[in-house]
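Below, each chain spelled out in residue letters.
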Amino acid sequence: MKKERNSLIFSMFINLVVSLLKIIGGIFLKSYTLITSGYYTLCDFSEEVLAYIGGLIGHKRANKKHPFGFGKSEYIAQILVGVIFILLAIYLFIKSLYLEYAQTNPIIAFVIISVTLMQFLNSNYLLQIGKDIHSQMLFASSHSSYFDALLTIISSLFILLSVWVSFFDYLGVLFIIIIIFYRGIRIIFDNIILINGQNDNSEKITNKIKSIVKRSKNVTFSAVSLVNVKNYYCLTVEIGVEDAITMGELLRLEFSLRKKIHNNIKSIKTIDFEILKN
């Protein structure tokens, strides 16, 4: 547990440094897209802080008053994160309407390369530690860092084009605002479902999922957790993967399994994965 917390604190530090580099670099090099991306990374930082605090409470054992355990506090913490994302998106959109956009300084390419490398390295570090100690909190943070790095790369296209045409800087800002808003809505929706749902042990659905996972290469089936919400299910699947798997490979594997499960079981609404080491 101490290793998990220390790793999460390290990741918080990296995200804070990356967000400050983006914001300060964007200010001095005239890129509002990079500044907006910095705010997005700052949201990742706040998400990790809340997950850390929620995890401290959530690891307590369940009792009659708290049948879900204190883990329910983790869902509430994540809903707060979703609210922060939505409020930030609204604030940035309003502010974007009144900014004066200018051509970006080409030196900004060095800032983009630096922060992207930091994010990929941080994601890989969290993935390895997460596999070693079986920490879903670190897996989630690793996903976030990897996604943020990919978002930085996509945003860099708008940034580099804005070196010649300033309007692309505005388009880059809008692109990141949409991503922030969508992520906020999704976080709130998923966690409200988990709070209101009830555990369900449908043998029919479990056997179907087991069959789908077993047909996939380099992955083993471990367990399934189903939460029933009215007429549909929220699913958590435990899968075993090879130690050498990278985050990119893991994301492609998860995408493939999600697609297969959704195609075969229409009543599954959301799917999360817990990763184990084979």
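Here the structure is shown first, and the text comes after it.
Here is a short report on the structure shown in this document. A quick note: this is a predicted structure, and the numbers were derived from the prediction, not measured.

## Section: the pattern of salt bridges
Logical step 1: Tallied over the full model, the rule gives three salt bridges.
Logical step 2: A salt bridge links aspartate 148 to lysine 22; the nearest nitrogen and oxygen atoms lie 3.4 Å apart. Remark: lysine 22 occurs in helix α1 (residues 2-29) and aspartate 148 occurs in helix α5 (residues 136-161); sequence separation between them is 126 residues. Accessibility classification places aspartate 148 together with lysine 22 in one group, the buried group.
Logical step 3: Residue aspartate 44 pairs with arginine 183 through a salt bridge whose shortest N-O separation is 2.9 Å. Here the residue aspartate 44 occupies a position in helix α2 (residues 32-58), and arginine 183 occupies one in helix α6 (residues 167-196), the gap between them amounting to 139 residues.
Logical step 4: We classify arginine 183 as buried; its relative accessible area is 14%.

## Some thoughts on the side chain of aspartate 44
Logical step 1: A residue is classified by how much of its surface remains accessible, and aspartate 44, at 2% relative accessible area, is buried.
Logical step 2: For aspartate 44, the residues in contact, after removing those within four places along its chain, are Asn15, Phe85, Ser144, Asp148 and Arg183.

## As for helix α7 (residues 203-214)
Logical step 1: Look at α7: 16 Å from first C-alpha to last across twelve residues, which is about the 16 Å you get at 1.5 Å a residue.
Logical step 2: Taken as a whole, α7 has its buried residues at Ile205, Ile209, Ile212 and Val213. The arc that holds the buried residues of α7, viewed along the axis, is 95 degrees, so those residues lie on one side. Of the exposed residues in α7, the ones pointing more than 90 degrees away from its buried face are Glu203, Lys204 and Lys214.

## Describing the pairing of strand β2 (residues 219-229)
Logical step 1: Pairing between strand β1 (residues 198-200) and β2: three bridges, direction antiparallel. Residue pairing across strands places glutamine 198 opposite asparagine 228, the latter belonging to β2.
Logical step 2: Taking the residues that link successive antiparallel strands as the turn, the β2-strand β3 (residues 232-241) hairpin has two residues, and the phi of lysine 230 there is positive, at about 55 degrees.

## Overview of the nonpolar core
Logical step 1: In this structure, Ile209, Val213, Leu235, Val237, Ile239, Ile261 and Ile268 are the most contacted members of the largest nonpolar core, which totals 26 residues.
Logical step 2: Of all the elements in the fold, those that place two or more residues in this core are α5, α7, β2, β3, α8 (247-264) and β4 (268-277).
Logical step 3: Residues contacting valine 213, with those up to four places away along its chain left out, are Val219, Thr220, Phe221, Val237, Ile239 and Leu257.
Logical step 4: By size, the runner-up hydrophobic cluster in this structure holds 15 residues, among which are Leu88, Leu92, Val173 and Ile177.

What counts as what
Residues numbered from 1 in each chain as written. Predicted model: local features only at pLDDT ≥ 70, side-chain atom pairs only at ≥ 80, totals over all residues. Heavy atoms only, no water. Salt bridge = Lys/Arg side-chain N within 4 Å of Asp/Glu carboxyl O. Helix = DSSP H or I, 4+ residues; strand = E, 2+ residues; numbered from the N terminus. Buried < 20%, exposed > 50% of the residue type's maximum accessible area, 1.4 Å probe, protein only. Contact = heavy atoms within 4.5 Å. Expected span 1.5 Å × (residues − 1). Arc of directions from axis to C-beta. Pairing = 2+ DSSP bridges. Core = buried A, V, L, I, M, F, W, Y, C linked by side-chain atoms within 4.5 Å.

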